[in-house]
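# A look at the structure
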Amino acid sequence: MPLTWSKGKRPVFVGAGQTLNRRYSGRSVASLANEAALMAIADAGLKPKDIDGLSSWPNPAHQVARNVAGYDRLDVRAMMDFIPLENVRWYNQNEIPPAGSAGMVISAALALGTGACNYALVFRCGHHPPGLRYQGISARQAPGNAGFALTYGHGVGGAGQAHHFQRYLDKFGAKREEMYTGYIQSANHNAQLNDSAVWKGRTITLDDYMNARLIAYPMSVFDNDMPVDGVKCVVMTTEDRAKGTPHPGGYFAGMAMNQWQLLKGGIIQPLEAIYEAEAVMAKNLYESGGLHPEDVDLIHVYDGFSPMVWNHLEIFGFCKIGEAHEWTQGGTIALNGPHPVNTSGGNLGDGRVHGMTHVYETAVQMMGTAGPRQLKNLHVAICETGPFGNGSSFLCTKD
Amino acid sequence: MTITKTMVPYPIMPVPNEQTQPYWDGTREGKIMIQRCQKCGFYNHPPLYICINCKDRDAALVFEQVSGRGTIYTHYICHDNSIAGFENKVPYPVVIVELEEQKGLFIMSNLLNFEYDAYGSEIKPGMPVEPVFEKASETITVVQYQPATQRRPRQAAGSRGSRK
């Protein structure tokens, strides 16, 4: 069923703001949030007093978190305090990481559409404390179900995706070097046009990629996004209110969530089961928007781990299952190619702000404020965030 | 090329809870015990509170011994040393073994007594494997896998769905 909105109540992006992603910035999340949120609000031509809705995913970005608001956690209360925001009527604090950053946009869109709020600020932080091994595990015990996995030394960053990638390579006869020419190269190129990107100023060659430090083969350090300090925000409102703002763009046109019930539990989710579950999400997404893969001219898919790009290009119907490793070759997904993907460099190129990278870039591209990366004649964008098997997604349109 | 002959000593020791205790009681006796729904026959591993297959709220969920025989579904080679205690074990393979009892019934393991390179190129999906029981402590025995040394009994044609 297509989404329906009252006249003038279609949600739309009107502002975006971000700090530049940096490793060990030395700044608190509170400081970063204050900068990014005020930038986003000003970009929308608004004042903090106008913001009356908040949508967040507050969980700290790393496993060794202190979980302290303002230090490594950015929740609704903290954002209200830091700006301050004095007129908030509605908020959503999404504690389910799998729903991811697109989930925040979906919640905000629904709140805007019903009038629960008029101007929503959507935000997410990345934070990597100095002196701590980012995904370090120091446990000596594996309680309960962890005993079936952690006991075997399973749990380094990307380990949960490495076996999927290996399965993909084996099943579809893909080659690891195809990941370089079929995604890493274009993400690296796009990152050069993005001041926030951790990969800016760093050219990654095929040799670099093939000889990179291995994390969990077939995944290397370049297949895992880099932990950073950074905050990204977008501001959304409704079509009628957006008319008075500087550059509205990206009308919310469809949404879908992950289908947990199709995953049969277990030690791991097999590649095949995730494809089946995500195929339902893709079907729901296109049906809710009355749109098709052929309509989409800007693709944002989660790339916290590189193989997910191929997985999602197949699942969302841009190529056939098992063919993304070939389809992505030869510039298909380049910034100037026919199907640009993750135009800011994605989480790999920009840094680990958990899909908020994709939300932010979708918004600025559709608003026409993407600067040197700006694409022309965009009509329909897809934005999927959250790891393979755990995501949420939305569509937005130019008109 | 590397061969991992044992993962002992285990840097991270499993701590059974009420749900997982029967599994660990089994491994101590050299058996793999997996929770099975008495209504529909589906195996659930890790154990659950309601069968994920039939969802019958009254169905008994009872641990039953499985053959332990299986094949490799997929794998990776861990090179990163961010798990304390595993630094001197890298690179080590992590394999996902699919048990012959049920499509998609997986056990995680390392792969012992098999020569592998940094990329695990020789570890192929479908490779038959068999369990090895490693005593990790007085109370904990860990299931590991190695290449099958015995031929698997022939299965009746069509007894098991092929993976698409």
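Conventions adopted
- Residues numbered from 1 in each chain as written.
- Chains lettered and ligands numbered in written order.
- Predicted model: local features only at pLDDT ≥ 70, side-chain atom pairs only at ≥ 80, totals over all residues.
- Helix = DSSP H or I, 4+ residues; strand = E, 2+ residues; numbered from the N terminus.
- Rg over C-alpha atoms; globule rule 2.2 N^0.38 Å.
- Buried ≥ 20, exposed ≤ 12 C-beta atoms within 10 Å, placed from the backbone.
- Contact = placed C-beta atoms within 7 Å.
- Domains from an automatic or database assignment.
- Nonpolar A, V, L, I, M, F, W, Y, C, P; charged D, E, K, R; others polar.
- Pairing = 2+ DSSP bridges.
- Core = buried A, V, L, I, M, F, W, Y, C linked by C-beta atoms within 7 Å.

On to the overall build of chain B, then. Counting secondary structure elements, chain B contains 1 helix and 11 strands. Walking chain B from its N terminus toward its C terminus, one meets helices and strands in the order β-β-α-β-β-β-β-β-β-β-β-β. A compact globule built from 164 residues would reach a C-alpha radius of gyration of about 15 Å, and chain B, at 17 Å, matches this within 12%. The burial tally for chain B puts 35% of its 164 residues in the buried class. Sequence separation of at least 24 residues holds for 56% of the intrachain contacts in chain B that already meet a minimum separation of 6.

Right, let's get into the overall build of chain A. Assigned secondary structure in chain A consists of 12 helices and 12 strands. Taking 2.2 N^0.38 as the reference for a compact globule, 399 residues should give roughly 21 Å; the C-alpha atoms of chain A span a radius of gyration of 20 Å, in line with that estimate. A principal-axis box enclosing the C-alpha atoms of chain A has dimensions of 55 × 45 × 45 Å. By the burial criterion, 58% of the 399 residues in chain A qualify as buried.

Here the focus is the domain arrangement of chain B. All names here are of chain B. Here chain B is partitioned into domain 1 (18-66) and domain 2 (67-149). Placing a centre on the C-alpha atoms of domain 1 and another on those of domain 2 gives a separation of 21 Å. Its residues placed into classes, the side of domain 1 that touches domain 2 shows 4 nonpolar, 3 polar and 1 charged.

Quick look at unusual backbone geometry now. Peptide bonds are mostly trans, and most non-glycine residues show a negative phi. With omega at 15 degrees, the peptide bond leading from A:Y217 into A:P218 counts as cis. Backbone torsion omega between B:H45 and B:P46 reads 0 degrees, so that peptide bond is classified as cis. Its place among the elements puts B:P46 in the loop between β4 (43-44) and β5 (61-66). With a phi close to 50 degrees, A:N342 is a non-glycine residue in the positive phi region. Assessed through the 28 C-beta atoms surrounding it within 10 Å, A:N342 is described here as buried.

On the chain A side, the residues contacting the 43 residues of chain B number 41 residues. Examining the composition of the side of chain B that touches chain A, we find that 6 residues originate from one element, strand β6 (residues 70-78) of chain B, more than from any other. Bridge analysis of strand β5 (residues 141-143) of chain A against strand β2 (residues 13-15) of chain B gives 3 bridges, and the strand direction is parallel. Looking at β2(B), one finds that A:P143 is bridged to B:V15.

All names here are of chain A. Taken across its 9 residues, helix α9 (residues 307-315) has 9 buried, putting it largely inside the fold. Along α9, the residues classified as buried are P307, M308, V309, W310, N311, H312, L313, E314 and I315. In the core, the buried residues of α9 are packed alongside α4 (159-172), α5 (176-191), α8 (271-289), β10 (298-301), α10 (324-327) and β11 (380-385). With its phi angle positive at about 85 degrees, G317 sits one or two positions after the end of α9.

Membership of the largest hydrophobic core comes to 155 residues, with the highest contact counts inside it found for A:A33, A:A120, A:L121, A:V234, A:V235 and A:M236. The element best represented in this core is helix α3 (residues 100-114) of chain A, accounting for 8 residues. Looking at which domains feed residues into this core, each of domain 1 (18-66) and domain 2 (67-149) of chain B gives three or more.

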